[in-house]
Amino acid sequence: DAGITQSPRHKVTETGTPVTLRCHQTENHRYMYWYRQDPGHGLRLIHYSYGVKDTDKGEVSDGYSVSRSKTEDFLLTLESATSSQTSVYFCAISESRGGGYEQYFGPGTRLTVT
Amino acid sequence: SQQGEEDPQALSIQEGENATMNCSYKTSINNLQWYRQNSGRGLVHLILIRSNEREKHSGRLRVTLDTSKKSSSLLITASRAADTASYFCATDAFPNQFYFGTGTSLTVIP
């Protein structure tokens, strides 16, 4: 599992409240990612990081912000949660292997916004 | 979007049969990868094929890549009930930027 943990694993929150999800890795990987997974859409990239304090947007970044103040932690924040952000969120790292970069995923966080 | 599309969306076969699923993508790529996701879990990397390769094997998995058609196929031979999962292709046109397809849900009936 490449030493990736996510917290919390499940969360129910109300519309309009802020929510922060945490991804923690123990193997000093440079690249970290946040995806959301919804039925019919597969995995969609929200934000990614290529180093401490270095982040960039993915294809569905609206309504989300991220921070990476330490190599091992990548935080995803929903400033004001909406029902459309109900989803399963996955953190991932990438590692160079076999001539390319492969991704390794955390166990996921199931977020419900009521 | 570079997102790929898997075909079929769902596949149901008997144990011991072969399962084939396809992936189409939109832009030039460096590599194409296949991942498996068991229900309620994160994705697990299965195999990577580089853009200059046409076929690759790993155990019961065979992946082909046709860059002229922008398509790939994943073949699982002699399927087992434990192969029941969703399978996703992922492409990277740029290093460390990945785009996933919508997945094929495979059910292997014992």
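A few points on the structure. Keep in mind the model is a prediction, meaning the values are calculated, not measured. Think of each chain on its own: its residues are numbered from 1, step by step along the sequence as written. Labels are handed out in written order, letters beginning with A for the chains and numbers beginning with 1 for the ligands. Per-residue local features are limited, in this predicted model, to residues with pLDDT of at least 70; the limit for side-chain atom pairs, both in listing and counting, is 80 or more; totals at the level of whole chains, interfaces and linings are taken over all residues. Just so you know, side-chain values use all the structure's heavy atoms and leave hydrogens and water out.

**Section: the sheet that holds strand β7 (residues 61-66) of chain B**
Residues and elements named next belong to chain B.
Piece 1. Here 5 strands make up an open sheet; going across it, the order is β1-β3-β8-β7-β6 and the pairing antiparallel. Among the strands making up the open sheet, the edge pair consists of β1 (5-7) and β6 (55-58). Across the sheet, the mean angle from the axis of one strand to that of its neighbour is 20°, orientation sign disregarded.
Piece 2. In short, DSSP must find at least two bridges between two strands for them to pair. Elements are defined by DSSP. Helices are runs of H or I of four residues or more, strands are runs of E of two residues or more, and each kind is numbered from the N terminus. In terms of strand pairing, strand β3 (residues 19-24) meets strand β8 (residues 71-76) through 6 bridges, oriented antiparallel. Following the sheet pairing, C23 is matched in β8 by S72. For every element, the axis is a line fit to its C-alpha atoms; helices are fit only across the contacting stretch, and the angle between N-to-C directions ranges from 0 to 180 degrees.

**A few points about the nonpolar core**
Piece 1. In plain words, nonpolar cores are sets of buried Ala, Val, Leu, Ile, Met, Phe, Trp, Tyr and Cys residues tied together by side-chain atoms within 4.5 Å. Each residue gets one of three labels from its accessible area relative to the maximum for its type: buried under 20%, exposed over 50%, partly exposed in between, using a 1.4 Å probe on protein chains only. Judged by nonpolar contacts, the single largest core of 22 residues is most densely connected at M21, L32, W34, L74, I76, Y87 and L106 of chain B.
Piece 2. When residues of this core are traced back to their parent elements, those giving at least two are β2 (10-14), β3, β4 (31-37), β5 (43-50), β7, β8, β9 (85-94) and β11 (104-109) of chain B.
Piece 3. Here a residue-residue contact requires only that any non-hydrogen atoms of the pair lie within 4.5 Å. In contact with L74 of chain B, other than residues within four places in its own chain, are A19, T20, M21, W34, L46, L61, R62, V63 and Y87 of chain B.
Piece 4. With 20 residues, the next largest nonpolar core counts I4, V60, F74 and V113 of chain A among its residues.

**Observations concerning the packing of aromatic side chains**
Here the distance between the centres and the angle between the planes together describe a pair of aromatic rings.
Piece 1. The rule is short: rings of Phe, Tyr and Trp, with Trp giving its six-membered ring, pair when the centres are within 6.5 Å, and they are stacked under 30 degrees, edge-to-face over 60, tilted in between. The final tally for this structure, using the stated rule, is 12 aromatic pairs over all chains.
Piece 2. Both rings, one in F105 of chain A and one in F100 of chain B, keep their centres 5.9 Å apart while their planes meet at 75°; by these two values the pair is edge-to-face. Of the two residues, F105 of chain A sits in strand β10 (residues 100-105) while F100 of chain B sits in strand β10 (residues 97-100), which places them in two different chains. Across the pair, F100 of chain B and F105 of chain A agree in class, each one buried.
Piece 3. Here a set of aromatic residues connected by ring pairs shows up, and it is made of Y31, Y33, Y35, Y48, Y50, F90 and F105 of chain A together with Y35, F98 and F100 of chain B.

**Considering the interface of chain A and chain B**
Piece 1. Chain A puts 23 residues into the contact, and the matching count from chain B is 22 residues.
Piece 2. The contact between chain A and chain B buries some 1800 Å² in all, and 52% of this surface belongs to carbon and sulfur atoms.
Piece 3. A pair is scored as a salt bridge if a Lys or Arg side-chain nitrogen falls within 4 Å of a carboxyl oxygen belonging to Asp or Glu. For the interface between chain A and chain B, the tally reads 0 salt bridges.
Piece 4. Any pair of nitrogen or oxygen atoms within 3.5 Å is treated as a polar contact; in protein, a donor-acceptor pairing is required on top of that, and neighbouring residues in sequence qualify only through side-chain atoms on both sides. Joining chain A to chain B, the criterion identifies 5 residue pairs in polar contact (both at pLDDT 80 or more).
Piece 5. For the side of chain A that touches chain B, the elements supplying multiple residues, two or more each, are β4 (32-38), β5 (42-51), β9 (87-97) and β10 of chain A.
Piece 6. Ranked by residues supplied to the side of chain A that touches chain B, first place goes to β10 of chain A with 5 residues.
Piece 7. Asp, Glu, Lys and Arg are counted as charged, while Ala, Val, Leu, Ile, Met, Phe, Trp, Tyr, Cys and Pro are counted as nonpolar; the rest, among them Gly, fall into the polar class. When its residues are assigned to classes, the side of chain A that touches chain B shows 9 nonpolar, 10 polar and 4 charged. Note: buried area is the sum, over both parts, of the accessible area (probe 1.4 Å) each one loses when the two are combined.

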